[in-house]
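# Structure assessment
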Number of protein chains: 2
Amino acid sequence: MTESSQEPGRQEPHELAISEQVAVYQREFPNVDPQVETIVSTLSRLARRMTVAYGRHLNDLGISSADWEVLKALIVAGAPYRLGPGELAKRIGLTPAAMTHRVDRMATAGLVTRSRDESNRVRVNIELTELGREKWLESMRMAAVFEESLLQDAGPEERSELAGALDRMLHRVEDSQPDAQGRTEDLGGDTDGH
Amino acid sequence: MTESSQEPGRQEPHELAISEQVAVYQREFPNVDPQVETIVSTLSRLARRMTVAYGRHLNDLGISSADWEVLKALIVAGAPYRLGPGELAKRIGLTPAAMTHRVDRMATAGLVTRSRDESNRVRVNIELTELGREKWLESMRMAAVFEESLLQDAGPEERSELAGALDRMLHRVEDSQPDAQGRTEDLGGDTDGH
DNA sequence: CCGAAAGACTACACTACTAAAGTCTTCAGA
DNA sequence: TCTGAAGACTTTAGTAGTGTAGTCTTTCGG
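Residues numbered from 1 in each chain as written. Chains lettered and ligands numbered in written order. Predicted model: local features only at pLDDT ≥ 70, side-chain atom pairs only at ≥ 80, totals over all residues. Heavy atoms only, no water.

As a further point, take the protein's contact with DNA strand C. Around DNA strand C, the surrounding shell holds 18 residues, and the nearest of these are Thr95(A), Arg102(A), Arg121(A), Arg114(B) and Val122(B). In DNA strand C, the atoms that sit within 4 Å of the protein are 80% sugar and phosphate, with bases accounting for the remainder. Between DNA strand C and the protein, one listed contact pairs a phosphate oxygen with a backbone N or O atom of Gly86(B) at 3.2 Å. At 3.2 Å, a side-chain N or O of Thr100(B) approaches a phosphate oxygen of DNA strand C. Those elements that place two or more of their residues in the surface near DNA strand C are helix H5 (96-108) of chain A together with helix H4 (85-92) and helix H5 (96-108) of chain B. Per-element accounting of the surface near DNA strand C gives the leading share, four residues, to H5(A). (Near = heavy atom within 4 Å. Polar contact = N/O pair within 3.5 Å; in protein donor to acceptor, adjacent residues only side chain to side chain. Helix = DSSP H or I, 4+ residues; strand = E, 2+ residues; numbered from the N terminus.)

Below, the structure written as structure tokens:
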């Protein structure tokens, strides 16, 4: 069920409308609750469409979603937008080895710089460049336009209801999943995470 | 964005609470609308958590999300749950070559059978085995329990409002994205797609 | 009966990741 | 100051899944 950001050659699949898909599920698995299934399917598909849209935005900017993940972690860290590879890896959920390669690519692309820490030469600092910061800001501008369009026909009450309902669902998941070991100062995320 | 199914060693990242993340975005990109950003971030994170939960269910069943995608396509096709590799590839959005490998793995695992079509021996039929069908049904059982728990504190009105709001958002995306070339009889989808 | 087209498979290369080994730096203790 | 242990990053090797291109077999029109 994950799917994340592999746009290279993967072409658009053919999809049933949500109502048709729910009908199939009812046909093949009678126990299903149509309304629950509709909500969940719509939510999943919406998230997927958003992922595709973000991916397109990033593609226009010439960066990958993996790159964006790193930019975001640095932005979240705040000025001076600087972290070590190990810390970045931890926040994003990668091994340090994988982060070395990501940073290689990103440094070549001019999105970040890599330099030895002056006070402790074991440490390496990955720092956002002006270009990297601008790419992130531009991605946010595109996202903001897109996201506002998503909610353009929802009034204030509908927006708060939606926010509340989604928040309650999220809490339900997190209560039932003891994954994120209760740390509150966490970070990172996936390609989206917008 | 499309994240699909990388459970092997990828460890849990550290994440900010939604409200903290929105605060960071406001700090670094003042134009952001906090409410819109909250809704979108919650939605994205919820989808990600669902993906993780489904991945865990599938892991318990001993199948990958790539496998599940194929099982679903065959189920959607309906009895006798049989399609050719090329057709499967088209519905899922893969090249036929990639599908050959997937089917290899799945046939070895006993989830599907591969056989030459009797009337046209160029064609190959991939057919769901009883085991494959049971795995899919079991995945649906687990998903149903999980999904019901997500909505367990939502009453009938809240559920319809949620369904309506999400549906409107999805339509907004699809209207603005001329991806799925208007075909109504489409299929497939991603790892989730529940 | 021949040649073109279609469907599936094979061979090869690529990307991105994990795990484990290796290198260099720092620091505590004698 | 030397020495050894611990830490931080990189390197190497191996894996999984995919795409591209080419091959083989069957089908079908002429």
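On to the protein's contact with DNA strand D, then. As a matter of local geometry, DNA strand D sits amid 21 residues, with Arg114(A), Val122(A), Thr95(B), Arg102(B) and Arg121(B) nearest to it. Close to the protein, within 4 Å, the atoms of DNA strand D belong to sugar or phosphate groups at a rate of 78%. Thr100(A) places a side-chain nitrogen or oxygen 2.8 Å from a phosphate oxygen of DNA strand D.

It is worth spelling out the nonpolar core at this point. Among the nonpolar cores identified, the biggest contains 44 residues, and Leu162(A) and Leu162(B) are the most heavily contacted of them. Going through the elements one at a time, helix H1 (18-28), helix H2 (34-61), helix H6 (130-150) and helix H7 (156-176) of chain A together with helix H1 (18-28), helix H2 (34-61), helix H6 (130-150) and helix H7 (156-176) of chain B are the ones with two or more residues in this core. In contact with Leu162(B), not counting residues within four places along its chain, are Ile39(A), Leu162(A), Ala165(A), Leu166(A), Met169(A) and Leu151(B). (Core = buried A, V, L, I, M, F, W, Y, C linked by side-chain atoms within 4.5 Å. Buried < 20%, exposed > 50% of the residue type's maximum accessible area, 1.4 Å probe, protein only. Contact = heavy atoms within 4.5 Å.)

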